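# Notes for the structure review
Each chain, letter by letter, is given below.
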Number of protein chains: 2
Amino acid sequence: MIPALTMKGGSQWRTPVYVGAGILADPALWDLVFPVGGRVALVTDDNVVAHYGDRLGSGLANRSINQSVVPAGEASKSRQQKVGIEDHWIDSGIGRDGYCVALGGGVVGDLAGFCAATYLRGIPVVQVPTSLVAMVDSSIGGKTGIDIPSGKNLIGAFHPPRAIIVDVDVLSTLPDDELRNGLAEVVKHGAIADASLLDFVADNLPAIFARDTDILTELVTRNISIKANVVEQDEKEGGLRQILNFGHTVAHALELLANYDLAHGAAVAIGMVAECRMAETVRGLPADASQRLSSLLEQIGLPTRCDLGFPVDAVLNASQTDKKVRQGQVRYALINRLGGLDPDPQFGFAVPVPDDAARAALELILQNP
Amino acid sequence: MIPALTMKGGSQWRTPVYVGAGILADPALWDLVFPVGGRVALVTDDNVVAHYGDRLGSGLANRSINQSVVPAGEASKSRQQKVGIEDHWIDSGIGRDGYCVALGGGVVGDLAGFCAATYLRGIPVVQVPTSLVAMVDSSIGGKTGIDIPSGKNLIGAFHPPRAIIVDVDVLSTLPDDELRNGLAEVVKHGAIADASLLDFVADNLPAIFARDTDILTELVTRNISIKANVVEQDEKEGGLRQILNFGHTVAHALELLANYDLAHGAAVAIGMVAECRMAETVRGLPADASQRLSSLLEQIGLPTRCDLGFPVDAVLNASQTDKKVRQGQVRYALINRLGGLDPDPQFGFAVPVPDDAARAALELILQNP
């Protein structure tokens, strides 16, 4: 099987990305990914394993599999789960020739990837994302990590996977709301790098929700290409990669205020609307571009307003905890056109926004309908 | 100030190594190492900070320093200490522009380096080793990690330091036994890569124990060069780097049996004697080379026999837990001549040893005097 694409990080790493329907259960693909010797350290969650454990088992036939199952949900991205997995691997004799396979959504991918990054100072991981957001976003780029009580993703490592296997068949059991979560990141990719992707989504929404595997394969492949392109050019997030935070500074603030009881996709959708308004003021984004983005989000069924009653000041304060803050000043990843990767001449892709412009944008998304 | 040498890991990283007397307190050197902005996250132990905290404070004058002090001793290389340091950094607002400074021996260097490796997915670390073994060995090469109940260094990361600052003045307070510990690794370096280093040590032992800073500067610089050369050629321990385990397979087995109540340097000294005997059988090491090594170890005051009453079988079994075991077969890093980096044609630098040869070598070091 030929990879849909191969990501490269300089001379340091290369990650083939396989995309297709039913490929999870294909032993020939797994033989390409890692040698028959060595043991598989599978990490998954209790929800995913019930649906897809058997298919993966077919793909990994004749290999020795050691399985760690964590509870589904963000709470599993914890120090405690990492310790449990590590100790289980040690007790099971997983050695340096072991391979981690992360079968699940973003939580499993981040947790398992981070365990692999630090186990015996690093063993390979194969990412097998099972949610749309993991397929198009979190499994791509090598970021791994866990949450701690003070915040999300604060402890982690860059650990590029040995391979990424995206089987779009598994989206058949993904709830529609989770599909929408992933589509928020898809819209973000279109906004920052490929306006025609926005048309593709708008034109194919019924097929996407019907889980048409051809359309999903194209959708996923296009999105991975966009993210891979950005990541390859800027692995360590110094410059270009910042644009991937479009919509996310406001989104993170809203999630923080909501105690994370707000879907990430919903937060990103609302955040993109707010940051489009900022971009109109600061970077000359045309108003009809903002409008087109909002309309698509509504068409998908994503929110463009936050009705949780947060005051503007609270959102501004919460933004201050973002990792992109420099010398106390929040920076926003803003676009100047749909599909544009054009840095601001002075600030690049992380731009300060005057207080009144930030307030006006937040008033837009926080207003009662 | 000019680095004594600069280590390079392909195009990925470069680490300047500064060696001298009194350089710890030199603000001009610290200005070379990292910019004045950003905060210093200092990690040290309660023993070292009492001796050298003030000198480092002079070097870091006008910088904001956040300090984490762990108890001196191997027990601090723990998950619990890592959590404590991370939470302290978060609570203190250490951001991505923060710098970790590891002031201490191997324990502090490994622990602080690993904390830095995973904090916000990685912040830079400057290693300031204060023991001879840390100066010539553990601070060089980017290995970081912690111990877990099942074993030492099982969780960790490769995190090459931003710089290494070796101030030989600090050896003045290092106990003689700790100096001997470091000299065991020095002898190892001579044995694997530079026989003339063995003469240098033999000729300058009184000056070394008198803490002559010129001699110590030369000693440390030569050793760092050897290790750096090996590491640069083989960062990920695939081949050449294995030779750094000379003496260590037996040493680790003895340490395990002794519940780590055996100095690492002593274990390495005894381990080198045993593995020299294996090398005579398996790799044709001349007997007079073994003799020369043993004599030097005795001259230094390091043991060449283990009188703890361990049976040969126990040591053989304990060797099985070594990370170098492949398909159940222990491999030893053996030399074929003093100062030689010549791989075995079939096995490279990690060579299996027939049971009778391994037993004969262990009987030599385990016999009652």
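Residues numbered from 1 in each chain as written. Chains lettered and ligands numbered in written order. Predicted model: local features only at pLDDT ≥ 70, side-chain atom pairs only at ≥ 80, totals over all residues. Heavy atoms only, no water.

### Observations concerning the pattern of salt bridges
Between side chains of opposite charge, a pair can form as their charged atoms come close. Residue and element names in this part refer to chain A. Cut-off, in case you're wondering: Salt bridges are identified by distance alone: a Lys or Arg side-chain nitrogen within 4 Å of an Asp or Glu carboxyl oxygen. The way it works is that DSSP assigns letters per residue, a run of H or I at least four long becomes a helix, a run of E at least two long becomes a strand, and they are numbered from the N terminus. Burial classes follow relative accessibility: with a 1.4 Å probe on protein chains only, a residue under 20% of its type's maximum area counts as buried, one over 50% as exposed, and anything between as partly exposed.
All told, the structure shown has 39 salt bridges over all chains when counted by the stated rule. For R359, the salt bridge is made with D313, and the minimal N-O distance between the two is 2.7 Å. Remark: D313 occurs in helix α12 (residues 312-319) and R359 occurs in helix α13 (residues 355-366); sequence separation between them is 46 residues. With a relative accessible area of 27%, R359 lands in the partly exposed category. Classification of D313 as partly exposed rests on a relative accessible area of 42%. It is possible to trace a salt-bridge network through shared partners that takes in E74, K77, D110, D147 and K152.

### Quick notes on the sheet that holds strand β1 (residues 5-9) of chain A
All names here are of chain A. Heads up, the condition is: Only when DSSP finds a minimum of two bridges between them are two strands counted as paired. Only C-alpha atoms enter the line fits that serve as axes; for helices the fit covers just the stretch in contact. Angles between N-to-C directions range over 0 to 180 degrees. Residue contacts are defined here by distance: any two heavy atoms, one from each residue, within 4.5 Å place the two residues in contact.
With respect to topology, 7 strands assemble into an open sheet ordered β1-β2-β9-β6-β5-β3-β4, the strand pairing being mixed. Both edges of this open sheet fall to β1 and β4 (65-70), since each of them pairs with a single strand only. Geometrically, the sheet is characterised by an average inter-axis angle of 15° between neighbouring strands, direction not taken into account. Strand direction decides the pairing type here: strand β5 (residues 99-104) and strand β6 (residues 125-129), joined by 5 bridges, are parallel. Residue pairing across strands places C100 opposite V125, the latter belonging to β6. The strands that helix α8 (residues 213-233) touches are β1, β2 (13-20) and β9 (163-167); relative to β1, the one it contacts most, it runs at about 15°.

### Describing helix α11 (residues 287-300) of chain A
Residues and elements named next belong to chain A. Operational definition: By this rule the span expected of a helix is its residue count minus one, scaled by 1.5 Å. The directions considered for the arc are those from the helix axis to the C-beta atoms.
With 14 residues, α11 extends 20 Å between its outermost C-alpha atoms, agreeing within 8% with the 20 Å of an ideal straight helix rising 1.5 Å per residue. For α11, the full list of buried residues reads A289, S290, L293, S294, L296, L297 and I300. Summarising the axial view, the buried residues of α11 lie within an arc of 160°, below the 170-degree limit, and thus occupy one face. In this structure, α11 carries A287 and D288 as exposed residues pointing more than 90 degrees from its buried face. Buried positions along α11 lie against α6 (176-193), α7 (195-209) and α10 (264-283). The first or second residue beyond α11 is G301, which carries a positive phi of 100°.

### Looking at the relation of the copies chain B and chain A
Both copies of the chain are related through a single rotation about an axis accompanied by a shift along the same axis. Selection rule: Fitting of the copies onto one another was done by least squares over C-alpha atoms, counting residues only where both copies have pLDDT of at least 70.
Taken as rigid bodies, chain B and chain A are interconverted by a rotation of 180° and an axial shift of 0.0 Å, the fit giving an RMSD of 0.0 Å. Both chain copies can therefore be described as sitting about a two-fold axis. Interface overlap between copies: 100% of the residues of chain B at the interface are likewise at the interface in chain A, consistent with a symmetric, same-surface contact.

### Examining the environment of R305 of chain A
Residues and elements named next belong to chain A. Quick note on the threshold: In the analysis that follows, any N or O atom pair within 3.5 Å is treated as a polar contact, provided that within protein one partner can donate a hydrogen and the other can accept it, and provided that, for residues neighboring in sequence, both atoms belong to side chains.
Among the structural elements, R305 can be located in the loop between α11 and α12. A residue is classified by how much of its surface remains accessible, and R305, at 31% relative accessible area, is partly exposed. Along the chain, R305 and N181 lie 124 residues apart, while their C-alpha atoms are 15 Å from each other. Contact partners of R305, with chain neighbours within four places excluded, come to I270, V273, L364, I365 and Q367. Looking at R305, its side chain comes within polar contact range of the main-chain oxygen of L364, at 3.2 Å.

### Some words on empty space enclosed by the protein
Residue and element names in this part refer to chain B. To keep things clear, this is the line we draw: Cavities and pockets are found on a 1 Å grid laid over the protein atoms alone: a cavity is a set of points where a 1.4 Å probe fits but cannot escape, a pocket is an open set with protein on both sides within 12 Å along at least five of seven lines, and a lining residue has an atom within 4 Å of such a point. Grid points are joined across faces, edges and corners, and a volume is the space filled by probe spheres set on the points.
Under the defined criterion, the tally for this structure stands at 6 cavities of 30 Å³ or more. As a volume, the largest cavity reaches approximately 60 Å³. Residue lining of the largest cavity: G104, G105, G106, G109, D110, Q127, V128, P129, A134, S138, S139 and K143, and that is the complete set. Of all the elements in the fold, those that place two or more residues in the lining of the largest cavity are α4 (106-118), β6 (125-129) and α5 (132-138).

### Let's talk about the environment of R79 of chain B
Position of R79 of chain B among the secondary structure elements: in helix α3 (residues 79-91). Separated by 66 residues in sequence, R79 of chain B and G145 of chain B place their C-alpha atoms 9.7 Å apart. Beyond its immediate chain neighbours, meaning those up to four positions away, R79 of chain B contacts V83, E86 and D87 of chain A together with I146, D147, I148 and P149 of chain B. In this structure the side chain of R79 of chain B is engaged in a polar contact, spanning 2.9 Å, whose partner is the side chain of D87 of chain A.

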